[in-house]
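In case you want the letters, here they are:
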Amino acid sequence: MKIVSPATTSDYRLLAQKRLPRFLFDYVDGGSNGETTLQTNTQDFQKVELKQRVMKDVSNTSCATSILGQSLSMPLALAPVGMAGMMCRRGETIGARVAHKLSIPFSLSTLGICSIQEVNESSPSPCWFQLYMLKDRAAVESLLQRALDNGSHTLVFTVDLAVTGIRHRDTRSGMIGNNAAAMALNKCQQIISRPKWVLDVALKGKPHTVGNLAHLVPNPTDLNAYKNWIDSQFDPSVTWEDIKWLRDRWPGKLILKGIMEPADALMAVDAGADAVIVSNHGGRQLDGTASPLSKLPLICETVGQQVDVLMDGGVRNGIDVVKAVALGAKAVMIGRPWIWAAASQGEAGLEKMLLSYQQEISTAMSLMGVNRIDQLSLDTLENPHLFDRPA
């Protein structure tokens, strides 16, 4: 069926699949190993049932909320996505501009094509900056200082990447592998089959460097050099003591992304986190784990009175946002959906999709008989104890 005008996240996904070279689409779309966790992340949302209430005055419904003192038009943020600028022209700046326009946060990946300077110059609202712990601690400190120098004061620190998950789709598509000649030929064939992407991104979207690391990698124009440098920098020896080291050096807000257990949430609080993101890296790390949604209630019960709790993974519409907030999240993050929308229809497409999310949130709230985000709770669910687990 031809999509005349995309209406849902799945519509944007299909359009992105037609526009992007396969290796880039699979990089965003895929998960680790057999991708069971990737599927579970979305499927668990379908198990949650909302309560419909009637004859309530819902003439003044508002989706507004706040995170870490920042006002949001709705409980949603754009998650950090590596190489977003390869999916659409200067993709990170598109995300930042639309996020500012709709009053939601934008998170810039360390591995973004656009640098933090370019992103923050493109939008009046400074981005949240995402970072990994690198073996080269001096490099970490330099990236922290660059973030501060460019006006960003919220750090999203990813803690679930001691080693990189095994992503078979990237091997099949030729994104990674050992046969350089075959990979180059395969990518070339995929690229020439996508002329619109070639014109918009490959030609008009230069430079194709990982902007935040240009001062650290010897050859800033070689994406393979970036990959080799990053692979050599992931540090499997990182412990909570390193997070305390980070906390001592970061004066802004600190959000730890990748928390899936209450015990780790408590350790995050002890290490000085201001917020945690319940996340399994979008199903791209340990396959076979539970969904973030299923882990959310117990983590909120454990640390929700001390820090803001966000969740990330599997959100595909505004109804999913409502379900996550009812289960305790202050806000949710979306990664793949914003990339699909921007890749397929650029800035206008991303804005349209996010406005659709907002409308879905507002409509669901009205039909549930609530006017404010803080009225969403376990009491507004038919099955509030669906994900109960022993502490």
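Scroll up to find the structure.
The following paragraphs examine the structure supplied in this document. The shown structure was predicted, so the numbers you read here are calculated from the model rather than taken from an experiment.

### Topic: the overall build of the protein chain
- On a plain count of helices and strands, the protein chain comes out with 15 helices and 10 strands.
- By the compact-globule yardstick of 21 Å for 391 residues, the protein chain fits well, its C-alpha radius of gyration being 20 Å.
- Principal-axis analysis of the C-alpha atoms gives the protein chain an extent of 65 × 55 × 40 Å.
- Residues counted as buried form 57% of the 391 residues belonging to the protein chain.

### Some details on the pattern of salt bridges
- Per the counting criterion, the structure on display carries 20 salt bridges.
- In this structure, the salt-bridge partner of Arg89 is Asp200, at a minimum N-O distance of 2.8 Å. Here the residue Arg89 occupies a position in the loop between strand 3 (76-78) and helix 4 (91-101), and Asp200 occupies one in helix 9 (residues 195-203), the gap between them amounting to 111 residues.
- For Asp200, a relative accessible area of 18% translates into the label buried.
- Its salt-bridge partner being Lys101, residue Glu351 comes within 3.2 Å of it at the nearest N-O pair. Of this pair, Glu351 sits in helix 15 (residues 336-368) while Lys101 sits in helix 4, and the two are 250 residues apart along the sequence.
- A relative accessible area of 19% means that Glu351 is categorised as buried.
- Among the residues examined, Lys101 registers a relative accessible area of 54% and is labelled exposed.

### Section: the sheet that holds strand 3
- Read from one edge of the open sheet, eight strands run 3-10-9-8-7-6-5-4, paired in parallel fashion. Strands at the two margins of the open sheet, each flanked by one partner only, are strand 3 and strand 4 (107-108).
- Summarising the sheet, strand 5 (residues 128-131) and strand 6 (residues 154-158) pair through three bridges and their orientation is parallel. Counterpart to Leu131 in the pairing with strand 6 is Phe157.

### Here's the deal with helix 1 (residues 9-19)
- Among the residues making up helix 1, those that are buried are Thr9, Asp11, Tyr12, Leu15 and Ala16. Within helix 1, the buried residues cover an arc of 155 degrees as seen down the axis, which keeps them to one side.
- Against the buried residues of helix 1 lie helix 2 (22-29) and helix 15.

### Side note on the packing of aromatic side chains
- Across all of its chains, the model carries two aromatic pairs by this definition.
- When the centroid spacing of 5.6 Å and the interplanar angle of 80 degrees are considered together, the rings of Phe106 and Trp338 count as edge-to-face. Taken together, the positions of Phe106 in the loop between helix 4 and strand 4 and Trp338 in helix 15 put the pair 232 residues apart, joining distant regions of the chain.
- With relative accessibility at 0%, the residue Trp338 sits in the buried group.
- Plain terms: the ring middles of Tyr132 and Phe234 are 5.4 Å apart, the flat faces sit at 85 degrees to each other, and that makes the pair edge-to-face. One end of the pair, Tyr132, is in the loop between strand 5 and helix 6 (137-149); the other, Phe234, is in the loop between helix 10 (223-233) and helix 11 (240-249), with 102 residues separating them in the sequence. Assigned by exposure class, Tyr132 and Phe234 land together as buried.
- The ring of Trp340 carries the charged tip of Arg13 above its face, separated from the ring centre by 6.0 Å.

Scoring rules and cut-offs
Residues numbered from 1 in each chain as written. Predicted model: local features only at pLDDT ≥ 70, side-chain atom pairs only at ≥ 80, totals over all residues. Heavy atoms only, no water. Helix = DSSP H or I, 4+ residues; strand = E, 2+ residues; numbered from the N terminus. Rg over C-alpha atoms; globule rule 2.2 N^0.38 Å. Buried < 20%, exposed > 50% of the residue type's maximum accessible area, 1.4 Å probe, protein only. Salt bridge = Lys/Arg side-chain N within 4 Å of Asp/Glu carboxyl O. Pairing = 2+ DSSP bridges. Arc of directions from axis to C-beta. Contact = heavy atoms within 4.5 Å. Phe/Tyr/Trp six-rings, centres within 6.5 Å; stacked < 30°, edge-to-face > 60°. Lys NZ or Arg CZ within 6 Å of the ring centre and 35° of its normal.

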